[in-house]
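A closer look at the structure
Listed below are the residues making up each chain.
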Amino acid sequence: MYLTTTESIPGTQVTEFYGLVSGSSVRAKHVGRDIMASLKNLVGGELVGYTELLAESRQEALSRMIEQATSQGANAIVNIRFGTSSVAQGAAELFAYGTAVKVE
Amino acid sequence: MEDQGYEFVIDIASTIILIVVGYVIGKRREMRHLRELDRKEAELLSMPAVPMAHIAGAERPERIALVEGSVVVSIDYFKRVISALVQIFGGRIDAYEVVLRRARREALVRMKEDARARGLDAVICVRLETSRLASSGSRGKGTAGVEVLAFGTGVSLPGIHQSTVSQSVAPGLEQGQPA
């Protein structure tokens, strides 16, 4: 499965379009991480726990998108974009979407 | 009445301690992070990362892969107090600008490191996203942190690799590697 942020895959030709595919994942932080993060908030800088958590759920969103594309028979997803939004207090939605295509 | 005055003093004192701790440790961490960023960015100079979808030499890359880097940052207590004060009169909030700039640089560095770990030579079609994470305290109004995500398409380019490597990192490679 080719994954790119570009409109096409250099060196290949798109032979079929399958349309928009997307995957998302909503996760909440657990209390331990929350407490650590609020302590870190005092001195500023990176909140490692949150970075890891969001990276994990982004991977999950990605693999859901890939699953959807695979089930449609695509072998590549082009023009991939990500979005993150706070949907509720302490929970964030990670969203990935792109165009499923077949390339040769 | 005396009790209340006493409590007030303790309140003020603990706030001042938090501000001082936030300022001292926050400043030190910031300086260290900026030094680290300078070092890593210099190391990764040979890896171009551009927002365009096409660069010379990338017409037929050997391999491509989605690469990404992200970071969640927050500002320290001292800066939070200062920015709350600035918000009364409005104006530029330097504290947030600095921390966001750091986060963006860090996310880009991580994206390039991701590309390097996969053995790729350049990142094209780079996109940057910024989003606020609502905190679970203070009824969701507070900000737990700001996430910056950098992502793009990593490509491996034998041609580009040779020229940039020979220029910036290892001049010896030119003879050692067949074209």
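Residues numbered from 1 in each chain as written. Chains lettered and ligands numbered in written order. Predicted model: local features only at pLDDT ≥ 70, side-chain atom pairs only at ≥ 80, totals over all residues. Heavy atoms only, no water.

**Structural notes on the interface of chain A and chain B**
How big an interface is tends to be reported as the loss of accessible area on association of its parts. On the side of chain B, 46 residues touch chain A, which itself brings 34 residues to the contact. Note on chain A versus chain B: buried area summed over both sides is about 3200 Å², and carbon and sulfur give 55% of it. Sorting the residues of chain A by area buried against chain B places Leu42(A), Val43(A) and Phe82(A) first, and these three jointly supply 18% of that buried surface. Viewed at the interface, chain B and chain A are joined by two salt bridges. Notably, a salt bridge pairs Arg58(A) with Glu147(B), separated by 2.5 Å at the nearest N-O pair. Going through the elements one at a time, strand S1 (2–3), helix H1 (31–43), strand S3 (45–46), helix H2 (48–72) and strand S4 (76–88) of chain A are the ones with two or more residues in the side of chain A that touches chain B. Counting residues per element, the side of chain A that touches chain B draws most heavily on H2(A), at seven residues. Split by residue class, the side of chain A that touches chain B holds 15 nonpolar, 13 polar and six charged. (Contact = heavy atoms within 4.5 Å. Buried area = accessible area lost by both parts, 1.4 Å probe. Salt bridge = Lys/Arg side-chain N within 4 Å of Asp/Glu carboxyl O. Helix = DSSP H or I, 4+ residues; strand = E, 2+ residues; numbered from the N terminus. Nonpolar A, V, L, I, M, F, W, Y, C, P; charged D, E, K, R; others polar.)

**Side note on the sheet that holds strand S2 (residues 14–28) of chain A**
Residues and elements named next belong to chain A. Strand order in the open sheet formed by four strands is S1-S4-S5-S2, and the pairing between neighbours is mixed. Looking at the sheet topology across the chains shown, the edges are occupied by S1 and S2. Taken together, the two bridges between S1 and S4 define a ladder with parallel strand orientation. In the sheet register, Tyr 2 faces S4, and the bridge partner there is Ala 76. Against the sheet, H2 makes contact with S1, S2, S4 and strand S5 (91–103), and its axis sits at roughly 145 degrees relative to S2, the strand it touches most. (Pairing = 2+ DSSP bridges. Axes fitted to C-alpha atoms, helices over the stretch in contact; angles between N-to-C directions.)

**Re the pattern of salt bridges**
All names here are of chain B. One pass over the full model with this rule turns up 15 salt bridges over all chains. Residues Arg 105 and Glu 41 are paired through a salt bridge, measuring 3.0 Å at the closest nitrogen-oxygen approach. With Arg 105 in helix H3 (residues 94–117) and Glu 41 in helix H1 (residues 2–43), this pair connects stretches of sequence that are 64 residues apart. Take Arg 105: its relative accessible area is 23%, and that puts it in the partly exposed class. (Buried < 20%, exposed > 50% of the residue type's maximum accessible area, 1.4 Å probe, protein only.)

No statement about biological role is implied by the geometric values presented.
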